[in-house]
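The primary structure of each chain is shown beneath.
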Amino acid sequence: MIDLRLVRENPDLVRASQRARGADESRVDALLAADAERRAAVHRADQLRAEQKSASQAVKKATPEERPAVLERAKALSAEVKAAEDATRAADEALRAAHLVIANVVAPEVPPGGEDDAVTIRTVGDVPSYDFEVRDHLDIGTALGAIDMERGAKVSGARFYFLTGPGALLEFALAQLAITRAVAAGFTPVVAPALVGPKAMEGTGFLGEHDEEVYRIERDDLYLVGTSEVALAGMHADEVLDLSAGPKRYAGWSSCFRREAGSYGKDTKGIIRVHWFDKVEMFSFCAPEDAEAEHLRLLQWEEEFLQALELPYRVVDIAAGDLGTSAARKFDIEAWFPTQGTYRELTSTSDCTTFQARRLSIRSRDADGRPQTVATLNGTLCAIARTIACLLEVHQQADGSVHVPVALRPWLGGHAVLRPGMSLVPTA
RNA sequence: GGAGGCUUCGCCUAGUCCGGUCUAUGGCGCCGCACUGCUAAUGCGGUUUGGGUUUUGGCCCAUCCCGGGUUCAAAUCCCGGAGCCUCCGCCA
């Protein structure tokens, strides 16, 4: 949730943010009204309680003769306090409801517009050309014995898959490369739970208008995470972190689950858009004033990872209307998919400023030792299934084999190419 | 799944039986001041968090795992729940 003080002191800024997102501006005024109402209710209840406290003390000190009268007054006040507390509770809930429906305030640099208005910041690597007919990742993967969609569907339904043989090895190789690089950069590696409670889910902003995307285990009141961001953010809920040595960074590995409710017909072929995949996610907790710089660092680590995979890509600055609820700014990296003749999203990094941390009550101490809400940022290091898809397409060769990027070879038995029917036994 | 125990202001802890200056005790740690040639030791003071209000000096309210209840009054009594621990059962 956004900072209430900001709404009180600079409502126009928040209204402008809502407008940029294409969201309802009047929610800002509803929030202001709810805030004023709550403060009035709290004030009334506090004053009544103060009176009641002294009345209660008087009961104790009263002589037997005055006792009935004093007790009478205390009882009356008690009833008034109870009523005032009910009113406060109602005002609290109204405020919370009004508060939760406002998305994070977009950063001033964010491009205006919607989904199609992302601005390309830079393009890295040359778009490859092929002197043969390119095949899509599913054709290549099936021929390699790396991907089995049909049996995935047989066992679990559409958008499920098996990774087999070289596909399974690729999964582990990518995970190893991602985690190894993250550790070298100073991240703490984490294996995070894929099932989380409602608090973590709501705190990270996934239960608002986008809860259609989320798998829910009703019987146990648990959710399957769509990203380990949820567990990593929730990890430090209700804590005061020591950030005196700089940002606290985690690289979390977990399975990710997405219902893909609104995407019927999109990317139906292969493993680009699936209900389940594994992902290594970077997550940072840092002081609010460091968030922008940290965001650029996350972006840089993402880029270096794709460079290690020898994949051409471009970095785009996502427009206001296409930002997630929690994000103030978001950069996607889109990698080249030869069969689609375009760049497709492979990673995404968001600066959530204090939006998530305020909901989850994650704080640190400022220079004066006062608690302050931290900023949280997340970034994909490697969404494994989609990355495999991209690797297979970009690195395909005329004979149906696939070039293995040098960085991945240590985890692929030293093999420089993958080819149908090959032995997976490591080379000497 | 069954039985029992635990949860207090950073950490440890007193208090809970028997409700009322609990406006929460003590120790450790931390901060400030004093003493000391320096260090150590010692002494004094401070040290939960959130909200409201404010003439910026404060003042008020809440907060003893969470939510209800009883009562004029709840850390304390009653009911429900969560988390952790131990034992039994089951299990990779």
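Computed from a predicted structure; not experimentally measured. (Residues numbered from 1 in each chain as written. Chains lettered and ligands numbered in written order. Predicted model: local features only at pLDDT ≥ 70, side-chain atom pairs only at ≥ 80, totals over all residues. Heavy atoms only, no water.)

1. Details of the protein's contact with RNA strand B
Turning to step 1, where the next piece is worked out: Around RNA strand B sit 21 residues in total, of which Asp46, Ser56, Lys60, Lys75 and Arg363 are the nearest.
Turning to step 2, where the next piece is worked out: Per the 4 Å cut-off to the protein, sugar and phosphate atoms form 81% of the nearby atoms of RNA strand B.
Turning to step 3, where the next piece is worked out: With respect to RNA strand B, the side chain of Lys53 contributes an N or O atom lying 3.1 Å from a phosphate oxygen.
Turning to step 4, where the next piece is worked out: At 2.8 Å, a side-chain N or O of Ser56 approaches a base nitrogen of RNA strand B.
Turning to step 5, where the next piece is worked out: Ranked by residue count, the leading element in the surface near RNA strand B is helix 3 (residues 26-61), at 11 residues.
Turning to step 6, where the next piece is worked out: Residues of the surface near RNA strand B, tallied by class, amount to 5 nonpolar, 4 polar and 12 charged. (Near = heavy atom within 4 Å. Polar contact = N/O pair within 3.5 Å; in protein donor to acceptor, adjacent residues only side chain to side chain. Helix = DSSP H or I, 4+ residues; strand = E, 2+ residues; numbered from the N terminus. Nonpolar A, V, L, I, M, F, W, Y, C, P; charged D, E, K, R; others polar.)

2. Points about the confidence of the model for chain A
Turning to step 1, where the next piece is worked out: Residues of chain A with pLDDT of at least 70 account for 100%, and the chain-wide mean is 93.
Turning to step 2, where the next piece is worked out: Here the complex is predicted with pTM 0.92, and the ipTM for its interfaces comes to 0.84. (pLDDT = per-residue confidence, 0-100.)

3. Section: the nonpolar core
Turning to step 1, where the next piece is worked out: Residues Leu174, Ile271, Phe305, Leu309 and Leu408 are the most contacted members of the largest nonpolar core, which totals 58 residues.
Turning to step 2, where the next piece is worked out: Element by element, the count of residues in this core is highest for helix 12 (residues 384-394), at 8 residues.
Turning to step 3, where the next piece is worked out: Residues in contact with Phe305, not counting those within four places in the same chain, are Leu174, Leu177, Ala178, Arg181, Leu381 and Cys382.
Turning to step 4, where the next piece is worked out: Formed by 22 residues, the second largest nonpolar core is a distinct cluster that contains Val190, Tyr223, Ala237 and Leu243. (Core = buried A, V, L, I, M, F, W, Y, C linked by side-chain atoms within 4.5 Å. Buried < 20%, exposed > 50% of the residue type's maximum accessible area, 1.4 Å probe, protein only. Contact = heavy atoms within 4.5 Å.)

4. Things to note about the sheet that holds strand 13 (residues 342-351)
Turning to step 1, where the next piece is worked out: Taken in spatial order, the 8 strands of this open sheet run 1-11-12-13-16-10-9-4, and their pairing is mixed. The open sheet has two free edges, formed respectively by strand 1 (119-124) and strand 4 (188-191), since each of these has just one partner strand. For this sheet, the mean angle separating the axes of adjacent strands, direction not counted, is 25 degrees.
Turning to step 2, where the next piece is worked out: Here helix 12 sits on the sheet in contact with strand 9 (248-257), strand 10 (276-286), strand 12 (329-337), strand 13 and strand 16 (375-383), set at roughly 35 degrees to strand 12. (Pairing = 2+ DSSP bridges. Axes fitted to C-alpha atoms, helices over the stretch in contact; angles between N-to-C directions.)

5. Some thoughts on the packing of aromatic side chains
Turning to step 1, where the next piece is worked out: Scanning the model with the defined rule gives 6 aromatic pairs in all.
Turning to step 2, where the next piece is worked out: Judged by centre distance (5.6 Å) and plane angle (75 degrees), the ring pair of Tyr130 and Phe132 falls under edge-to-face.
Turning to step 3, where the next piece is worked out: The exposure class assigned to Phe132 is partly exposed, which follows from its relative accessible area of 22%.
Turning to step 4, where the next piece is worked out: Relative to Trp276, the ring of Tyr161 lies with its centre 4.7 Å away and its plane at 15 degrees, an arrangement referred to as stacked. Placement of the pair is Tyr161 in the loop between helix 6 (149-156) and strand 3 (162-163) and Trp276 in strand 10, with a sequence separation of 115 residues. (Phe/Tyr/Trp six-rings, centres within 6.5 Å; stacked < 30°, edge-to-face > 60°.)

6. Points about the pattern of salt bridges
Opposite charge on two side chains lets them pair, provided their charged atoms get close.
Turning to step 1, where the next piece is worked out: A complete count under the given rule lists 27 salt bridges for this structure.
Turning to step 2, where the next piece is worked out: Residue Asp46 is joined to Arg49 by a salt bridge in which the shortest nitrogen-to-oxygen separation is 2.9 Å. Taken as a pair, Asp46 and Arg49 lie in helix 3 at a separation of 3 residues, close to a single helical turn.
Turning to step 3, where the next piece is worked out: Residue classification places Arg49 among the partly exposed positions, given a relative accessible area of 31%.
Turning to step 4, where the next piece is worked out: The shortest N-O distance in the salt bridge between Asp136 and Lys269 comes to 2.7 Å. (Salt bridge = Lys/Arg side-chain N within 4 Å of Asp/Glu carboxyl O.)

7. Some remarks on the pairing of strand 16
Turning to step 1, where the next piece is worked out: Among the 9 residues of strand 16, 9 are classified as buried, and the element is accordingly described as predominantly covered.
Turning to step 2, where the next piece is worked out: Alignment of strand 13 against strand 16, held across 3 bridges, turns out to be antiparallel. Counted as the bridge partner of Asp351 is Leu377 from strand 16.

8. Quick word on the packing of helix 5 (residues 137-144) against helix 12
For any two helices packed against each other, one specifies the inter-axial angle together with the distance between the axes.
Turning to step 1, where the next piece is worked out: At their nearest, the axes of helix 5 and helix 12 sit 8 Å apart, and the two run at 90 degrees to each other. As summarised for this structure, helix 5 and helix 12 are arranged roughly perpendicular, according to the angle between their axes. Contacts from His137, Ile140, Gly141 and Leu144 of helix 5 reach helix 12 at Ala389, Leu392 and Glu393.
Turning to step 2, where the next piece is worked out: Its residues assigned to classes, the contact of helix 5 with helix 12 shows 4 nonpolar, 2 polar and 1 charged. (Parallel < 35°, antiparallel > 145°, perpendicular 65-115°, else oblique.)

9. Re helix 3
Each α-helix winds once per 3.6 residues, and so residues spaced three or four apart point in a common direction.
Turning to step 1, where the next piece is worked out: Spanning 36 residues, helix 3 covers 53 Å between terminal C-alpha atoms, matching the ideal 52 Å at 1.5 Å per step.
Turning to step 2, where the next piece is worked out: Taken residue by residue, helix 3 has Val28, Leu31, Ala34, Asp35, Ala41, Ala45, Leu48, Ala55 and Val59 as its buried positions.
Turning to step 3, where the next piece is worked out: The inward-facing, buried residues of helix 3 abut helix 1 (4-9), helix 2 (11-21) and helix 4 (67-100). (Expected span 1.5 Å × (residues − 1).)

10. Some thoughts on the sheet that holds strand 7 (residues 222-224)
Turning to step 1, where the next piece is worked out: Across the sheet, 3 strands lie side by side as 5-7-6; this open sheet has antiparallel pairing. The sheet is open, and its two edges are formed by strand 5 (195-196) and strand 6 (215-217), each paired on a single side.
Turning to step 2, where the next piece is worked out: Relative to strand 7, strand 5 is paired through 2 bridges, and the arrangement is antiparallel. By the bridge assignment for strand 7, Val196 is matched with Tyr223.

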